[in-house]
Every structure is written in C-alpha cells, then in structure tokens.
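Okay, here's what each chain looks like letter by letter:
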There are 2 protein chains.
Amino acid sequence: MCLGGKGGKKYNKCKNEKCTCPGSRIERFIQPCLLLLVQEKPNSHGYDLLDNLKDFCLEGASFDTASIYRNLRRLEEVGFVRSDWQMSKSGPAKRAYVITSEGENVLTMWAKNIEQNKKLLEYFLKRYYG
Amino acid sequence: MCLGGKGGKKYNKCKNEKCTCPGSRIERFIQPCLLLLVQEKPNSHGYDLLDNLKDFCLEGASFDTASIYRNLRRLEEVGFVRSDWQMSKSGPAKRAYVITSEGENVLTMWAKNIEQNKKLLEYFLKRYYG
DNA sequence: ACATCTATATGTTGCTTGCACATATGTTTA
DNA sequence: TAAACATATGTGCAAGCAACATATAGATGT
C-alpha cells in the first residue's frame, strides 16, 4: 500500500509465500490522510487525492485507487465527509468532497493515535539501536 | 492488539459496525518485537515473551497469546528463530527460542522499515499540526 | 478433589488490502 | 471517423492479518 521501493518494485510487501519480511504498514493510514487532504483543500475529488496522497507515501509508491474510492465511500457513509457530483464540461463527472465537523473531530483523534504509534516505533528503535 | 485503553477497554479498536474511528496499529509489529526480545534474551519462551512484549504496547494493553504463539511458529517456519523443548522440573514443558543469523538480518530490515514508517507518521503530524 | 497457574496451540470470523478488471466520458491523433 | 488515450469512479475476488473463543495438559496450592 504505502511502502515503496525504487527498484522496479512498487510495493515492499513480499510476495514470497512463506516470507515474513518487513513490509509493514500502518493500518488504515489512508483514512486520516484522506481526511487531512480534504480538510486542507475542500472540494477535492478522488482523482485529485490519488495524486496528493503520494505525499504520505514513500518514494515511488502510491495508494491503490480501489482503496481510495472505497475509503471515501466509507468515510461518507459514516458522515466524516460529504460529496456532491460535479458535472464538468471536460471529462466525466466527479465527486467533490468536503470534511464534516464530525470528520474533523475524528481527524484529531487520528492525530493522537498516530502520535502514540510514533512513540511505539521510537521506543522500538531506541531499544534496537541501543 | 497493541493499542490500549485504561478504562476497562483492552483494545482501542472500535466495535461499532460503521465506525472508522482511529484504533489503528502497525501491521505485524509483533514480529520485530519478538525477534528483538529473543535476540536480547536467548532461550526466551512464549510465556516469557507475553510479559516482555508489554514494553512495546501502550499502557494497559498487551498482545494476544494466540498472536504470540502463531507468530513464533511462523518465525520458526521461515527460519528466523529456532526452538527446543525444555522439560523443566517445575511446570509444563516449554519451547526455548533463539534467533538465527537470518533472523538477525531480517530484524535490521525491520528496523529500517520502522524508521520509514516513523517518518511517515512524523510527516503526517507536521502537516496536521502545521 | 478441585481450582488455579503455567504454557502452548487451534478454529473461526471479519476486516483491510492488492490486483485485476469494468464502466463512462471527453480529447487527441492517425 | 476510428482508435487510442486521459480522466474519473467504481466492483469482484483472493489473500493476509488480528481478535476472540476455545482446547489441551502438566504443576502447584488448598
């Protein structure tokens, strides 16, 4: 998903059947990223976000389009974003997303969660490198 | 799994059907933690690790025993740890784990992956808090 | 005798992801 | 004008992973 390689491989995630190699990611990280991007730039649409999400990925990596649209639908379902169809003159219709106040609350919760996870990673690294 | 609450709730993960609230974690984080603990203290066994893994959890949280044993079996399957049965005089038999050189290599890869993920989280926080 | 602690393990279920593919419209190019 | 391409949004499926419940069994305490 968001773990990426430069050398041809798009994803770090190992395909080897039995391999447990370290291609780990942060679960559902796409959600706070989407919320933040929509907050920063209201009326973003999915195809926009596809590009802008790259900021939250390692070099050369990107999020799956399926994940983006599925998560946007999910976020709207639970009321964290709202969308309107925009019939543009050029190209197909697109959904324009805005964040709701509930979405903003959840985003602050996400930020706290992310801080906690960051601390866990820092603790691990401190203990590993000594 | 590793995200924890004090107030009765063992896990942050929300049970609400439709809720996408931020109970996120780092995927397979238990694996590098197990490797590191076994490296630090060779001949650790599962029940030991159950305790020591708490270092890598938020307050009040812990890893699931099922996850510990399943991951230990997995790590052994792929050759990152080895185990011997120890028939102790007191208590039931237990497996004593040691890390292999391949396991040590993977652990350094994990450390790099964890550093990358840490940077992603830092980037998110910087962008959110401004 | 029975409960509890230590220790290891399996089964089941649901969620998330990655990949491949489908659909639709407008624009450019041969 | 047909084909190819870029924009834009989605669906279906399989695999991986985590949470939870349950199983097994020997040792120790009362």
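The rules behind the values
- Just so you know, the residues in each chain are numbered from 1, in the order the chain's sequence is written.
- Chain A is the first chain written and ligand 1 is the first ligand written, with later ones labelled in order.
- Owing to the predicted nature of the model, reporting of local features is limited to residues with pLDDT of at least 70; listing and counting of side-chain atom pairs is limited to 80 or more, with chain, interface and lining totals taken over all residues.
- For the side-chain quantities, the full set of heavy atoms in the structure was used; hydrogens and water were omitted.
- Least squares is used to superpose the copies, and the fit set is the C-alpha atoms of residues whose pLDDT is at least 70 in both copies.
- Throughout, a contact is declared for two residues whenever any of their heavy atoms are within 4.5 Å.
- Any Lys or Arg side-chain nitrogen located within 4 Å of an Asp or Glu carboxyl oxygen qualifies as a salt bridge.
- Put simply, DSSP H or I for four residues or longer makes a helix, DSSP E for two residues or longer makes a strand, and each gets a number counted from the N terminus.
- A 1.4 Å probe rolled over the protein chains alone gives each residue an accessible area, and that area as a share of the maximum for its type sets the label: buried under 20%, exposed over 50%, partly exposed in between.
- Only the stretch in contact is used when fitting a helix axis, every axis being a line fitted to C-alpha atoms; angles between N-to-C directions are given from 0 to 180 degrees.
- Oblique is the label for any angle not covered by the other classes, which are roughly parallel (under 35 degrees), roughly antiparallel (over 145) and roughly perpendicular (65 to 115).
- By the definition used in this description, the sense in which the near helix is turned from the far one sets the handedness, with an anticlockwise turn below a right angle giving left-handed and a clockwise turn giving right-handed.
- The classification used treats Ala, Val, Leu, Ile, Met, Phe, Trp, Tyr, Cys and Pro as nonpolar, Asp, Glu, Lys and Arg as charged, and all other residues, Gly among them, as polar.

**Q** Looking at this structure, how should I read the relation of the copies chain A and chain B?
**A** Superposing the two chain copies requires a rotation about an axis and a translation along that axis. Superposition record for chain A on chain B: RMSD 0.1 Å, screw rotation 180°, translation along axis 0.0 Å. Considering both components of the superposition, the chain copies are consistent with a two-fold axis. Within chain A, the C-alpha atom positioned nearest to the axis of rotation is that of A:Ile26, 2.3 Å from it. A symmetric contact is evident, with 100% of the interface residues of chain A recurring at the interface of chain B.

**Q** Any chance you could explain the pattern of salt bridges here in plain terms?
**A** Should the charged atoms of two oppositely charged side chains come close, the side chains can pair. For the coordinates displayed, the defined rule picks out 16 salt bridges over all chains. Residues B:Arg25 and A:Glu27 are paired through a salt bridge, measuring 2.7 Å at the closest nitrogen-oxygen approach. Of this pair, B:Arg25 sits in the segment before α1 (30-40) while A:Glu27 is found in the segment before α1 (30-40), placing the two residues in two different chains. Put simply, B:Glu122 and B:Lys118 hold a salt bridge, and the shortest N to O gap is 3.8 Å. Residue B:Glu122 and its partner B:Lys118 are both found in helix α4 (residues 101-129); the two are separated by four residues, about one turn of the helix. Residue classification places B:Glu122 among the partly exposed positions, given a relative accessible area of 30%.

**Q** Where do I start with the packing of α1(A) against helix α4 (residues 101-129) of chain A in this structure?
**A** What describes two packed helices is the angle between their axes and the distance between those same axes. All names here are of chain A. The geometry of α1 relative to α4 is characterised by a closest axis approach of 10 Å and an angle of 130° between their N-to-C directions. When the axis of α1 is compared with that of α4, the two are oblique. Once α1 is placed against α4, the crossing between them reads as left-handed. On α4, the residues touching Gln-31, Pro-32, Leu-35, Leu-36 and Gln-39 of α1 are Gly-103, Glu-104, Val-106, Leu-107, Trp-110 and Ile-114. Of the residues belonging to the contact of α1 with α4, the class tally is seven nonpolar, three polar and one charged.

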